[in-house]
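# Topology and contacts: notes
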Amino acid sequence: MGKTVAGLAVAVAAVACAGAVVVVSRRIRERGQRAKCLAILEEFRTACATPVSRLRQIVDALVVEMHAGLASDGGSRLKMLPSFVDVLPNGDEKGLYYALDLGGTNFRVLRVQLGGKEGRVIKQEYEEVSIPHRLMAASGQELFEYIAKELASFVNREGEGFRPHGNQKRELGFTFSFPVNQTAINSGTLVQWTKGFTCDGVPGKNVVQFLEEAMAKVGLQMKVTALVNDTVGTLAGGRYWNEDVMVAIILGTGTNACYVERADAINKWNGLLPRSNSMVINTEWGNFWSSHLPKTYADEGLDADSVNPGEQGFEKLISGMYMGDIVRRVLLKMAQEADIFGKPIAPKLMQPYTLSTPHMSKMHGDETHDLRNVAKVLKDAFNISGTSLTVRKIVYMVCEVVCERGGRLAAAGVVGILKKIGRDGTGAGAGGQPLSRSSSAKNVSSRPRRTVVAMDGGLYEHYGKFREYLQQATTELLGEEVAKNVLIELSKDGSGIGAALLAASHSPSQKNL
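Overview of the structure. Bear in mind that the values here come from a model prediction, so they are computed numbers and not experimental data.

Let us look at the overall build of the chain. Helix and strand counts for the chain stand at 17 helices and 13 strands. Here the chain, with 513 residues, has 52% of them falling under the buried criterion. Element-wise, carbon and sulfur atoms account for 52% of the exposed surface of the chain, whose accessible area totals about 22,700 Å².

We now examine the packing of aromatic side chains. Counted according to the given criterion, the structure contains 15 aromatic pairs. Measuring from centroid to centroid gives 5.6 Å for Phe-144 and Phe-210, while their planes differ by 35°, and the two rings are tilted. Placement of Phe-144 in helix α4 (residues 140-156) and of Phe-210 in helix α5 (residues 207-217) is noted, with a sequence separation of 66 residues between them. With respect to burial, Phe-144 and Phe-210 carry one shared label: buried. The interplanar angle of 90° and the centroid separation of 5.4 Å between the aromatic rings of Trp-285 and Phe-314 together place this pair among those described as edge-to-face.

With that out of the way, let us pick up the sheet that holds strand β5 (residues 171-176). Strands sit in the order β4-β3-β2-β5-β8 across an open sheet of 5 strands; the sheet is mixed. Edge positions in the sheet fall to β4 (121-130) and β8 (223-228), since each has one partner strand and no second. The mean inter-strand angle of the sheet, taken between neighbouring strand axes irrespective of direction, is 20°. Its contacts with the sheet place α4 against β2 (94-102), β3 (106-115), β4 and β5, and it is angled at close to 40° to β3.

Across all of its chains, the model carries 23 salt bridges by this definition. For Glu-158, the salt bridge goes to Arg-170, with nearest N and O atoms at 2.8 Å. Taken together, the residues span a long stretch of sequence, with Glu-158 in the loop between α4 and β5 and Arg-170 in the loop between α4 and β5 at a distance of 12 residues. For the salt bridge of Glu-481 with Lys-484, the shortest nitrogen-to-oxygen distance reads 3.1 Å.

Here we take up the environment of Val-232. Inspection of the secondary structure assignment puts Val-232 in helix α6 (residues 230-241). Since its relative accessible area comes to 2%, Val-232 is described here as buried. Distance in space between the C-alpha atoms of Val-232 and Asn-282 is 7.0 Å, their sequence separation being 50 residues.

Core analysis: the biggest nonpolar cluster contains 117 residues, and Met-334 and Phe-341 have the highest contact counts within it. In terms of residues, this core owes the most to one element, helix α12 (residues 389-420), which gives 17 residues. Residue-level mapping places this core at the junction of two domains, with at least three residues from each of domain 1 (43-82 + 242-425 + 450-493) and domain 2 (84-228). Dropping the residues within four chain positions of it, Met-334 is found in contact with Cys-37, Ile-40, Leu-41, Asp-339, Ile-340, Ile-394 and Val-398.

With that out of the way, let us pick up α4. Taking 1.5 Å per residue as the helical rise, α4 with its 17 residues ought to reach 24 Å, and the 24 Å between its terminal C-alpha atoms agrees with that figure. Those residues of α4 that fall on the buried side of the exposure criterion are Gly-140, Leu-143, Phe-144, Glu-145, Ile-147, Ala-148, Leu-151, Ala-152, Phe-154 and Val-155. Contact partners of the buried residues in α4: β2, β3, β4, β5 and α5.

The mixed open sheet is built from 6 strands, whose spatial order is β1-β11-β10-β9-β12-β13. Each edge of the open sheet carries a strand with a single partner, namely β1 (81-82) and β13 (486-490). Alignment of strand β9 (residues 245-251) against strand β12 (residues 451-456), held across 5 bridges, turns out to be parallel. Its bridge partner lying in β12, Ala-248 is registered against Ala-454.

Note on placement: Ser-187 falls in strand β7 (residues 187-190). The exposure class assigned to Ser-187 is buried, which follows from its relative accessible area of 13%. What Ser-187 contacts, discounting residues up to four positions off in sequence, is Gln-182, Asn-206, Val-208 and Leu-227.

Rules used in this analysis
Residues numbered from 1 in each chain as written. Predicted model: local features only at pLDDT ≥ 70, side-chain atom pairs only at ≥ 80, totals over all residues. Heavy atoms only, no water. Helix = DSSP H or I, 4+ residues; strand = E, 2+ residues; numbered from the N terminus. Buried < 20%, exposed > 50% of the residue type's maximum accessible area, 1.4 Å probe, protein only. Areas by Shrake-Rupley, 256 points an atom, 1.4 Å probe, with all protein chains shown as cover. Phe/Tyr/Trp six-rings, centres within 6.5 Å; stacked < 30°, edge-to-face > 60°. Pairing = 2+ DSSP bridges. Axes fitted to C-alpha atoms, helices over the stretch in contact; angles between N-to-C directions. Contact = heavy atoms within 4.5 Å. Salt bridge = Lys/Arg side-chain N within 4 Å of Asp/Glu carboxyl O. Core = buried A, V, L, I, M, F, W, Y, C linked by side-chain atoms within 4.5 Å. Domains from an automatic or database assignment. Expected span 1.5 Å × (residues − 1).

So, in structure tokens, the structure goes:
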């Protein structure tokens, strides 16, 4: 009996010892995995670093590319497209104006009643219309006739409070967010369709002519006064309320920027210089690239797998379309090399774009003590569950690195434009003029130089920490004294009403006001 008890005790001790060995082994393995994950994180953080010295190099590189793009077509990765907008709205505009905003599978129609300095925007209405999927691959004529019919229906429901000014005919601002070679304020040829559209007969043709012919066919008497992209529309919408707006930037799914430039600085411009000696330039800055930009294995993989390898490099570092997937690629490396989420690797973690930037923003904004929002996103996006707090902290830090880099690089872009127009405090460059009929250079120079950057896009609006990093880096680059006179302000949905306002500012009827 004694031997049996003794044997049982030995067996229990052996099992306990084996269990302890398993626990210790697991802890050692987990410690090793954590150390490997942290090493991957630190390597990635170092590669993404954006100290002020590097940001200044990026600022200078952007300015050089801007000069080159203004000098000749094809001379820079930046297209630096003249928008033909040489007069921006200033509040004097009166009458009824329409806008059509086409840039995806939906389009918006808008009408606004303007009352001059006293009334400003008296009344506005808008409507969003879906484009049937079949029309995205139909003929250009079919697409524009559908749009014209919906626009005519909207016009026919013009209610009380909307009326043209005097003998004014109805005029339209057309926001067309596809690649266009603009030939005048109200004409431009489509370079190529994007965003899933393949309508034949339109590339190489004047899109305004297509729209006006379609409007005439459905019996709608309306003239297109301005053809613009969404960034230029945002600048116009911001300038209408604040004459200090000199720059507009879209930071959403994609990114772009435009600004007010001296017309005599546009060396490739072959036409007559406008009386204002100023013009809005559409930079198409998403395609900017410099060797000073921090690029990692995650960025290289994303670019190689994209539909446009080697293009839109700046956009792929700072915009909402891509930042979430950069985070996913870093987490995948941690899963492959350090088993951060255990085995096997979740299939969805290996699929591009399963982690969106809104997902990333939700994890990065998690203020719960146990990072439960991080856990929820990992479950929703990848079907990964049961993560430890340590793992969730590492995921949080990856989001922070990507967000900080994106926000600070966007700030370098802002300051680059400010430097080009002499609004960065260095005295370099020369600021654009007010671009309005009633303002003068003398009036501008007699007051303190204040510059407003109108910012639109869901990334800037909804990702608070991205916004904070952008503002912080802008202040670091400009210095606190100069930064006091540079305001970055949200201009939500400014492109729609901006197109209507540009139709007003370029309307022949306004010249007699």
